Amino acid sequence: MKEEGIVYVLSNEAMPGLIKIGLTTRNELQSRINELYTTSVPVPFTCEYASRVDDCAKVEQALHQAFSTDRINPNREFFRMSVERVIPILKLVEKEEITATVRKDIDKDISETDRQASNNLKKQRRPPLNFVEMNIPMGAELLCPYEETDYKVIVCTPRKVKFNDEETSLTAALRKIMNITWNVQPTPYFYYNGRLLSEIYNETYTSVDEE
(Lines give C-alpha, C1' and ligand atoms only; values in the text may rest on other atoms or scores of the structure.)
Protein backbone atom coordinates (compact mmCIF):
# COMPACT_ATOMS: atom_id res chain seq x y z
CA MET A 1 0.00 0.00 0.00
CA LYS A 2 1.29 3.44 -0.93
CA GLU A 3 2.41 5.37 2.14
CA GLU A 4 4.05 8.75 2.47
CA GLY A 5 7.24 8.86 4.48
CA ILE A 6 10.89 9.86 4.64
CA VAL A 7 13.70 8.19 2.72
CA TYR A 8 17.09 8.96 4.23
CA VAL A 9 20.80 8.48 3.64
CA LEU A 10 23.04 8.22 6.70
CA SER A 11 26.76 7.94 7.28
CA ASN A 12 28.86 7.17 10.33
CA GLU A 13 32.45 8.17 11.02
CA ALA A 14 33.08 4.69 12.43
CA MET A 15 32.06 3.16 9.08
CA PRO A 16 34.15 5.05 6.49
CA GLY A 17 33.02 4.59 2.91
CA LEU A 18 29.60 3.21 3.86
CA ILE A 19 26.16 4.79 3.76
CA LYS A 20 22.79 3.54 4.98
CA ILE A 21 19.71 3.99 2.78
CA GLY A 22 16.46 3.54 4.72
CA LEU A 23 12.98 4.83 5.36
CA THR A 24 10.63 5.82 8.12
CA THR A 25 6.88 6.43 8.00
CA ARG A 26 7.04 8.72 11.02
CA ASN A 27 6.64 12.44 10.59
CA GLU A 28 10.20 13.02 11.74
CA LEU A 29 13.51 11.18 11.34
CA GLN A 30 15.22 12.07 14.58
CA SER A 31 13.72 9.23 16.65
CA ARG A 32 14.72 6.66 13.99
CA ILE A 33 18.32 7.87 14.01
CA ASN A 34 18.33 7.76 17.81
CA GLU A 35 17.20 4.12 17.64
CA LEU A 36 20.12 3.26 15.36
CA TYR A 37 22.62 4.77 17.82
CA THR A 38 22.90 1.71 20.07
CA THR A 39 25.70 0.60 22.39
CA SER A 40 27.21 -1.35 19.48
CA VAL A 41 27.74 1.87 17.48
CA PRO A 42 30.62 4.03 18.81
CA VAL A 43 29.50 7.42 17.42
CA PRO A 44 26.18 8.90 16.20
CA PHE A 45 24.97 8.67 12.61
CA THR A 46 24.98 11.76 10.38
CA CYS A 47 22.07 12.55 8.11
CA GLU A 48 23.59 13.11 4.67
CA TYR A 49 20.26 13.59 2.88
CA ALA A 50 16.56 13.17 3.65
CA SER A 51 13.43 13.58 1.53
CA ARG A 52 9.69 13.33 2.03
CA VAL A 53 8.23 11.13 -0.72
CA ASP A 54 4.75 9.91 -1.65
CA ASP A 55 5.61 6.21 -1.57
CA CYS A 56 8.60 5.67 0.71
CA ALA A 57 8.67 1.86 0.43
CA LYS A 58 8.69 1.98 -3.37
CA VAL A 59 11.43 4.63 -3.47
CA GLU A 60 13.59 2.77 -0.94
CA GLN A 61 13.19 -0.49 -2.84
CA ALA A 62 14.12 1.20 -6.13
CA LEU A 63 17.28 2.64 -4.57
CA HIS A 64 18.24 -0.69 -3.04
CA GLN A 65 17.81 -2.39 -6.42
CA ALA A 66 19.65 0.33 -8.31
CA PHE A 67 22.70 0.02 -6.05
CA SER A 68 22.46 -3.72 -5.31
CA THR A 69 26.01 -4.35 -6.51
CA ASP A 70 27.28 -1.89 -3.87
CA ARG A 71 25.31 -3.48 -1.03
CA ILE A 72 27.43 -5.04 1.71
CA ASN A 73 24.85 -7.54 2.99
CA PRO A 74 21.43 -8.23 1.43
CA ASN A 75 19.97 -8.33 4.94
CA ARG A 76 21.33 -4.91 5.87
CA GLU A 77 20.80 -1.45 4.35
CA PHE A 78 24.47 -0.50 4.06
CA PHE A 79 26.19 0.33 0.76
CA ARG A 80 29.81 1.02 -0.09
CA MET A 81 29.35 4.15 -2.20
CA SER A 82 29.18 7.93 -2.01
CA VAL A 83 26.03 9.81 -1.07
CA GLU A 84 26.39 11.93 -4.22
CA ARG A 85 25.24 8.94 -6.30
CA VAL A 86 21.94 8.75 -4.38
CA ILE A 87 21.00 12.43 -4.12
CA PRO A 88 20.16 13.04 -7.83
CA ILE A 89 17.72 10.12 -7.80
CA LEU A 90 15.99 11.27 -4.64
CA LYS A 91 15.68 14.78 -6.05
CA LEU A 92 13.64 13.38 -8.94
CA VAL A 93 10.96 11.86 -6.69
CA GLU A 94 10.97 13.95 -3.52
CA LYS A 95 8.11 16.16 -2.38
CA GLU A 96 10.38 18.06 -0.03
CA GLU A 97 14.01 17.95 0.98
CA ILE A 98 14.34 18.09 4.78
CA THR A 99 18.07 17.45 5.27
CA ALA A 100 18.84 20.76 6.97
CA THR A 101 15.86 20.49 9.33
CA VAL A 102 16.77 16.94 10.31
CA ARG A 103 20.39 17.88 10.96
CA LYS A 104 19.37 20.83 13.09
CA ASP A 105 17.07 18.67 15.22
CA ILE A 106 19.65 15.91 15.61
CA ASP A 107 22.51 18.25 16.49
CA LYS A 108 20.48 19.78 19.31
CA ASP A 109 20.22 16.38 20.99
CA ILE A 110 23.78 15.14 20.46
CA SER A 111 25.86 15.39 23.62
CA GLU A 112 29.16 17.23 23.52
CA THR A 113 30.94 13.95 24.30
CA ASP A 114 29.33 12.22 21.31
CA ARG A 115 30.04 15.17 19.05
CA GLN A 116 33.68 15.31 20.09
CA ALA A 117 34.12 11.55 19.61
CA SER A 118 32.74 11.80 16.08
CA ASN A 119 34.92 14.82 15.29
CA ASN A 120 38.02 13.03 16.59
CA LEU A 121 37.36 10.09 14.28
CA LYS A 122 36.84 12.47 11.37
CA LYS A 123 40.13 14.27 12.04
CA GLN A 124 42.01 10.97 12.23
CA ARG A 125 40.54 9.78 8.94
CA ARG A 126 40.65 12.72 6.57
CA PRO A 127 42.71 15.90 6.19
CA PRO A 128 41.17 19.35 6.75
CA LEU A 129 39.48 21.08 3.84
CA ASN A 130 41.95 22.99 1.66
CA PHE A 131 40.64 24.93 -1.35
CA VAL A 132 44.00 24.93 -3.15
CA GLU A 133 44.30 21.15 -2.91
CA MET A 134 40.70 20.89 -4.16
CA ASN A 135 41.56 23.07 -7.21
CA ILE A 136 39.19 25.83 -6.13
CA PRO A 137 40.86 29.19 -6.89
CA MET A 138 41.08 32.23 -4.67
CA GLY A 139 38.13 34.53 -5.37
CA ALA A 140 35.84 31.64 -6.30
CA GLU A 141 32.19 31.89 -5.26
CA LEU A 142 30.66 29.09 -3.20
CA LEU A 143 26.87 28.90 -3.19
CA CYS A 144 24.76 27.71 -0.24
CA PRO A 145 21.03 27.33 -1.02
CA TYR A 146 19.30 27.41 2.37
CA GLU A 147 15.66 28.06 3.21
CA GLU A 148 14.84 29.56 -0.22
CA THR A 149 17.84 31.91 -0.13
CA ASP A 150 21.08 31.53 -2.11
CA TYR A 151 23.94 32.58 0.17
CA LYS A 152 27.38 33.22 -1.31
CA VAL A 153 30.84 33.13 0.23
CA ILE A 154 34.12 34.02 -1.47
CA VAL A 155 37.25 31.87 -1.13
CA CYS A 156 40.01 34.16 0.18
CA THR A 157 42.71 31.80 1.55
CA PRO A 158 43.35 28.06 1.21
CA ARG A 159 41.14 27.43 4.25
CA LYS A 160 39.11 30.60 4.72
CA VAL A 161 36.20 32.34 3.02
CA LYS A 162 34.76 35.83 3.15
CA PHE A 163 31.14 36.12 4.26
CA ASN A 164 29.45 39.46 4.92
CA ASP A 165 32.84 41.14 4.42
CA GLU A 166 34.36 39.05 7.22
CA GLU A 167 37.09 36.43 6.82
CA THR A 168 36.00 33.23 8.48
CA SER A 169 35.94 29.45 8.18
CA LEU A 170 33.36 27.73 6.01
CA THR A 171 31.95 26.07 9.13
CA ALA A 172 31.54 29.43 10.90
CA ALA A 173 29.89 30.91 7.81
CA LEU A 174 27.39 28.04 7.74
CA ARG A 175 26.59 28.59 11.42
CA LYS A 176 25.64 32.19 10.61
CA ILE A 177 23.61 31.17 7.57
CA MET A 178 21.68 28.55 9.56
CA ASN A 179 21.54 30.74 12.68
CA ILE A 180 22.91 28.00 14.96
CA THR A 181 25.64 27.88 17.60
CA TRP A 182 26.89 24.32 17.04
CA ASN A 183 29.14 23.09 14.22
CA VAL A 184 27.74 21.30 11.16
CA GLN A 185 29.87 19.73 8.43
CA PRO A 186 29.69 22.43 5.72
CA THR A 187 30.71 20.59 2.54
CA PRO A 188 27.26 19.00 1.87
CA TYR A 189 25.70 22.50 1.90
CA PHE A 190 27.98 24.42 -0.48
CA TYR A 191 28.36 24.20 -4.26
CA TYR A 192 31.22 25.21 -6.53
CA ASN A 193 30.41 25.40 -10.25
CA GLY A 194 27.30 23.31 -9.66
CA ARG A 195 29.08 20.54 -7.75
CA LEU A 196 28.78 19.80 -4.05
CA LEU A 197 31.93 20.54 -2.09
CA SER A 198 31.56 17.15 -0.40
CA GLU A 199 31.91 15.48 -3.80
CA ILE A 200 34.99 17.54 -4.68
CA TYR A 201 36.48 16.90 -1.23
CA ASN A 202 35.96 13.14 -1.49
CA GLU A 203 37.51 13.01 -4.95
CA THR A 204 40.50 15.06 -3.81
CA TYR A 205 41.36 13.25 -0.62
CA THR A 206 40.40 9.75 -1.67
CA SER A 207 42.98 10.12 -4.43
CA VAL A 208 45.55 11.31 -1.90
CA ASP A 209 44.80 8.44 0.49
CA GLU A 210 45.19 5.84 -2.25
CA GLU A 211 48.55 7.05 -3.55
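Summarised in this report is the structure supplied together with it. (Residues numbered from 1 in each chain as written. Predicted model: local features only at pLDDT ≥ 70, side-chain atom pairs only at ≥ 80, totals over all residues. Heavy atoms only, no water.)

**Description of the environment of Phe67**
Within the element layout of this structure, Phe67 appears in the loop between helix 2 (56-66) and strand 4 (78-80). According to the relative accessible area criterion, Phe67 is buried, its value standing at 6%. For the pair Phe67 and Phe79, spaced twelve residues apart in sequence, the C-alpha to C-alpha distance is 7.7 Å. Every residue in contact with Phe67, bar those within four places of it in the chain, is listed here: Ile21, Phe79, Met81, Arg85, Val86 and Ile89. (Helix = DSSP H or I, 4+ residues; strand = E, 2+ residues; numbered from the N terminus. Buried < 20%, exposed > 50% of the residue type's maximum accessible area, 1.4 Å probe, protein only. Contact = heavy atoms within 4.5 Å.)

**Considering the packing of aromatic side chains**
The full count for this structure, using the stated rule, is two aromatic pairs. With centroids separated by 6.5 Å and ring planes inclined at 35 degrees, the aromatic side chains of Phe45 and Phe78 adopt a geometry described as tilted. Highlighted residues: Phe45 in the loop between helix 1 (30-36) and strand 3 (46-53) and Phe78 in strand 4, separated in sequence by 33 residues. Relative accessible area serves as the criterion here: at 5%, Phe45 is assigned to the buried category. On the basis of relative accessibility, which here comes to 19%, the residue Phe78 falls in the buried class. (Phe/Tyr/Trp six-rings, centres within 6.5 Å; stacked < 30°, edge-to-face > 60°.)

**Considering the side chain of Asn12**
Within the fold, Asn12 resides in the loop between strand 1 (5-11) and strand 2 (18-24). A polar contact is formed between the side chain of Asn12 and the backbone oxygen of Val43, at a distance of 2.8 Å. Apart from residues no more than four positions distant in its own chain, Asn12 is found in contact with Val41, Val43, Pro44 and Phe45. (Polar contact = N/O pair within 3.5 Å; in protein donor to acceptor, adjacent residues only side chain to side chain.)

**With respect to the sheet that holds strand 3**
Two orientations exist for strands paired in a sheet by backbone hydrogen bonds: parallel and antiparallel. What the five strands build is an open sheet, ordered 4-2-1-3-5; its pairing is antiparallel. One side of each edge strand has no neighbouring strand; the edge strands of this open sheet are strand 4 and strand 5 (96-97). Direction of pairing for strand 2 relative to strand 4: antiparallel, over a ladder of three bridges. Within the sheet, the bridge partner assigned to Ile19 lies in strand 4 and is Phe79. Contacts from helix 2 reach strand 1, strand 2, strand 3 and strand 4, with the element oriented near 160 degrees to strand 2. Contacts from helix 4 (residues 99-109) reach strand 3 and strand 5 within the one sheet, and its direction differs from that of strand 3 by about 130 degrees. (Pairing = 2+ DSSP bridges. Axes fitted to C-alpha atoms, helices over the stretch in contact; angles between N-to-C directions.)

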